[in-house]
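# Understanding the architecture of this molecule
Spelled out from the first residue to the last, the chains are:
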Amino acid sequence: MKATELPRLWRGPSWVASSVPRAGRETNAPLVPPEPFAEKQKFGACLGMKIQAQVGSPGVQLAGLSLPLPPILSLPVTPPPRSPSRQGRDFSFDDCGRAFTCLPVEEPGALAEALVCNLDSLLGTMTHRLCVGSPPGVWVCSTDMLLNVPSAPGIDWGGFQGVRVIAVPGSQAYARNHGVYLTDEQGLVRDIIYKGTEAQIQQCARPDGTVPLVCGVVFFSSDAAEQLLATHVIPPLDACTYMGLDSGAPPIQLSLFFDIVLCMAGGMTEEDFVKGGSDASVRSARSVLWTALHTFPLTCIPSASYDYMTTSATLLSHVFLGVAPGCVARPQSHMPLCPRQQPCLLEDGSSVTNCLLEGAVHLAAGSVIQHCHLQGPLEIGPGCLLSGLTTGSSPALRGCPLRDIVLQGHHIQLHNLPCRVFTLTGRLDDWQVRMGATYLNAPWAEFFCRTGIREGDLWDAEMPRRSRCLLSARLFPVLHACEALGLEDVLWLLAPSVVAGERLARWRAAAELGARRALFFLQGQRKVRRVLLGRQDSSLLPLTRSAVHEGYHEAMLGTLDEVASTAGDAGIAARALACIADVLGCMARGEGGLRSGPAANREWAVAFGLLESGDIAGGVRELAAERQKWMSRPALLLRAARHYEGAEQILIRQAVMSSCQFVTVGPAELPPLGHWVQVACPARLDLSGGWSDTPPITYEHGGAVVDVAVLVDGCRPIGARVRRISEPELRLVSLGGTPRSEAVVELVCRDLEHLQDYCQPHAPGALLKAAFICTQVVQLPSQKPLRAQLREGFGGGFEVHTWSKLPHGSGLGTSSILAGAVMASLYRAAGKAASTESLIHAVLHLEQRLTTGGGWQDQVGGLVPGIKIGRSKAQLPLRVEVEKIPQKKCMAPGCEPRAVRRMMDALQPYVYGQCLAGAGGGGFLYILTKAPRQKEALHQILAKTEGLGNFSIHSIEVDTDGFSVEVVGCDQKDSAHPGEGRAV
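Here is what the cut-offs are and how they apply
In this convention, every chain numbers its residues from 1, walking through the sequence in written order. With the structure being a predicted model, the display of local features is reserved for residues of pLDDT at least 70 and the display and counting of side-chain atom pairs for 80 or more, all residues being used for whole-chain, interface and lining totals. The side-chain quantities take in all heavy atoms of the structure and omit both hydrogens and water. Strands are runs of DSSP state E lasting at least two residues, helices are runs of H or I lasting at least four, and both sets are numbered from the N terminus onward. Each residue is assigned to one of three classes by its accessible area relative to the maximum for its type, calculated with a 1.4 Å probe on protein chains only: buried under 20%, partly exposed between the two thresholds, exposed over 50%. When checking whether two residues touch, look at their non-hydrogen atoms; a contact exists if any pair is within 4.5 Å. Per-residue and other accessible areas follow the Shrake-Rupley method at a 1.4 Å probe size, with only the shown protein chains counted as cover for residues. Between the N-to-C directions of two axes lies an angle of 0 to 180 degrees, each axis being a line fitted to C-alpha atoms and, for a helix, fitted only over the stretch in contact. Should an angle fall under 35 degrees it is called roughly parallel, over 145 degrees roughly antiparallel, and 65 to 115 degrees roughly perpendicular, with every other angle called oblique. When the near helix sits turned anticlockwise from the far one by under a right angle, the crossing is termed left-handed; a clockwise turn instead gives a right-handed crossing. Think of it as three bins: nonpolar holds Ala, Val, Leu, Ile, Met, Phe, Trp, Tyr, Cys and Pro, charged holds Asp, Glu, Lys and Arg, and polar takes everything else, Gly as well. Buried Ala, Val, Leu, Ile, Met, Phe, Trp, Tyr and Cys residues form a nonpolar core when they are joined through side-chain atoms within 4.5 Å. What makes a salt bridge here is a side-chain nitrogen of Lys or Arg within 4 Å of a carboxyl oxygen of Asp or Glu, nothing more. The directions considered for the arc run from the helix axis to the C-beta atoms. Two strands pair if DSSP finds at least two bridges between them.

### Considering the overall build of the protein chain
A tally of regular secondary structure across the protein chain gives 28 helices and 38 strands. For the protein chain, with 984 residues in total, the buried portion stands at 54%. Of the contacts formed within the protein chain by residues at least 6 apart in sequence, a portion of 66% connects residues at least 24 apart. Summed over all atoms, the accessible surface of the protein chain reaches about 42200 Å², with 53% contributed by carbon and sulfur.

Next up, the structure:
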């Protein structure tokens, strides 16, 4: 039998249009609400001439397997920061969403015959009607409506500048719950009135009695668009970018119409506009927007009509039956039919799009068939929507009572296994309603009674009743243990009870396969608890990948939340949070950008604050609650993963700070006022085991590092000195390369607020401020002012000088050794004494408070003389033990930059061994020469080697004495230098 088939054309996600995101979160909710202006729309990140297509939608439970719905293509727009993130508004009539819903229309003049979707219609309307003659600029248009514009709208674009809005003529009664433009005789917008009084709406009326309703079509001229774009770097509008939010900017919600468009209304004054903001941040944003945009004229063109694409039953007549505004319907006589197909089989008021119908397929009025290949005889009653069915489905449809039902076939893929899943719902069902819900247009109780399915078959017992709805019900089978599943495995839900009884066992068998997989992941959850709580050296990443792929990520996340909140151990909790970050990263499936990035978005601040205060359980609960708002798309998932890694770092810091219990401080003689306590330290070379000292490795697996303390050019290159002064203040001075160098940075702290940034590593004097707090010379926080603390405790303040002869980034442990020098001198100057072991652990504590992290090898290398090995056991609290060793270890070379490789090759004949200091990316190369005193000879060799750039050569020797602490007298000038008037 010969048949005619309409061609199917799938278009890729590349269009020229514009959607306007809202601040803080990204999802796919379109700009235009269910009715024109039914709610204030939020605006955030800058306008852009692009649409990003997203694939994926919220998961539904299918016969025991948690799987995503078939791919949904929709347009991303940002919701308010605190609203639950969703992958677009629910749309149950088309897998591809509202924008790509196929319309029963034809384009006779098109160059290629193809299906027409709503986006095609919108782009055609915008391109060939609204945009004709318009200057360069940016158009904003909603994609969840059907838009109709006259073929010759008569819009005058001559000399246009500013912003133009397209309005929809509507009745005054309809306008009472929506937004309306108030315009003057020239079409300039004076005001935007939302849910106005009868008198206000009457002011907006046109001569024909209609009013111009607000709809989601706005044009920004290039000048206006550039001015708007420029505001995204101006506080507080910098929070309209995710980088701004994740860097700590407070989130802000703005309305496209009431905060951006309104500022250009002619009847607005700056005072009234700014005062209209809901809070201080919005008022500040309005002030910026007013400055940037208020001079642009705002005009209104009431030349369109539209119809919102709802999820209600009215959509069948408004869209699929071809009566929507602007649609050129395919009449029944124009439908390509098979030679034996009788046109009278398709009743008036029915619709067939992109289908091949063979034989007697009778379609009642009010029903729709899309993307199907069916073979008669078939009887399809009124009020039905059939989509995505193949000819193999036809036998199962014969004899079924098809009336007011939505039957759809979906293509999905389980790993490498392609599957067909069928869904069956009632035309009048609401997928998300909880109370008074229906399924197949009848109450759930009636459905349970007729089919024998129990409530426990569809929802887990622990699921709250308020969360049980059609969207979360495990209704539709996906896999059977030994048989292929077909359309009949859902159609039996329509059948009488006698037939239903025969199918119930098969339905439950399909669910049993899901139960087996559920059992597999249940034991996987036990494994997670066992590995984490037992501190086992076992990777959970393979199980994480499997759980995400099979749709069990929620169960995995719940288990990790439980472990983190109940372990009672910061180290275990930190590892659990790291695993949650891995789950979120896997859920992004390689999309969404880089895993690394900022993690200071204020939406997570409450959770971080709880963790910082030691309330791990409360912090984990708050993290989980915030996480639910970031699950809708890859970019959000990765940003959430970054913040979980940030939370992990908080707990790692707390775990490492357990080492402070090994800091023992005793009393010592208080040096005289004005006398310096000076500490000089050697540098260090790490010979073996570097990075095993860094957390969390050092307390999860244990660490062991071989270090050697060295003099550089015959002296100890790192040092600090502290003295008491009469003024109750802190003077912090960073010198050049020696104690006699000029000051590079000088700070004076007289109030506690001057110390508040001690935990920001790049803040001036942060290390020195942290040292005063960690040595408890200063109490922070405290009700007692800084000056009072210093006067009562020490009879005055302190002056600190620090220096280092080593270049920045030398790889010789400068920062940690300098921290040790500062703390040693500060303890002594404050009349306290601390052992070398105490200083090692005190530096660990300081660097965690400073938030730079880091391990313990640097201070071990610089504070303990000679060659030694430092060790830490795989346990908390973290304790470092040091053993001095006489021999040298030879290490294999690692990776190095090209210039370093050339240097090493040039030196190879003259040395016994060579190695890079630090992480191996540069800094110092240390070598053991075959002959003594080779400094000048090596300099001549390297000077002749090409591609080295700047270099210097220094002689080093093993420091067998370690760091030195001296109390020296006052200088003849205002400050003392070492070696002058030595007292001890």
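### Description of the packing of helix α22 (residues 766–774) against helix α24 (residues 814–829)
In contact at an axis separation of 10 Å, α22 and α24 are set at 45 degrees when each is read in the N-to-C sense. By the criterion of interaxial angle, the relationship of α22 to α24 is oblique. Regarding α22 and α24, the two cross each other, and that crossing is right-handed. Residues Leu-767, Leu-768, Ala-771, Phe-772 and Cys-774 of α22 form the contact with α24, whose own contacting residues are Ser-815, Ala-819, Val-822, Met-823, Leu-826 and Tyr-827.

### A word on the packing of helix α18 (residues 605–612) against helix α19 (residues 616–627)
One can describe the packing of α18 onto α19 by two numbers: an axis separation of 7 Å at closest approach and a directional angle of 165 degrees. The angle between α18 and α19 falls in the class roughly antiparallel. Crossing of α18 against α19: the hand is left-handed. Together, Val-606, Ala-607, Phe-608, Leu-610 and Leu-611 of α18 and Ile-616, Gly-618, Gly-619, Val-620, Glu-622 and Leu-623 of α19 make up the contact between the two elements. In terms of residue class, the contact of α18 with α19 is made up of eight nonpolar, two polar and one charged.

### Observations concerning the nonpolar core
Ranked by size, the top nonpolar core spans 122 residues in total, and within it Leu-577, Leu-730 and Phe-798 carry the most contacts. Leu-378, Ile-380, Leu-424 and Phe-447 belong to the second-largest nonpolar core, a separate cluster that totals 45 residues.

### Observations regarding the pattern of salt bridges
This structure, assessed with the given rule, holds 24 salt bridges. Where Asp-582 meets Arg-595, a salt bridge forms, and the shortest distance between an N and an O atom there is 3.1 Å. Pair noted here: Asp-582 is in helix α17 (residues 570–587) and Arg-595 is in the loop between α17 and α18, with a separation of 13 residues, a long-range link. With relative accessibility at 26%, the residue Asp-582 sits in the partly exposed group. Note that Glu-645 is salt-bridged to Arg-595, the shortest N-O span being 2.9 Å.

### Quick look at helix α15 (residues 541–549)
A turn of α-helix holds 3.6 residues, and therefore any two residues three or four places apart point the same way. Buried within α15 we find Leu-543, Thr-544, Ala-547 and Val-548. End-on view of α15: buried residues confined to an arc of 130 degrees, all on one side of the axis.

### Notes on the pairing of strand β6 (residues 163–170)
Every regular strand shows the same layout, with side chains that alternate between the two sheet faces. Burial analysis of β6 places seven of its eight residues in the buried class, the great majority of the element. As paired strands, β6 and strand β9 (residues 211–221) are joined by seven bridges and run antiparallel to one another. Residue Val-163 lies in a different strand from β9, and its bridge partner there is Phe-220. Pairing between β6 and strand β11 (residues 298–301): four bridges, direction parallel. Note on β11: the bridge partner recorded for Val-165 is Cys-300.

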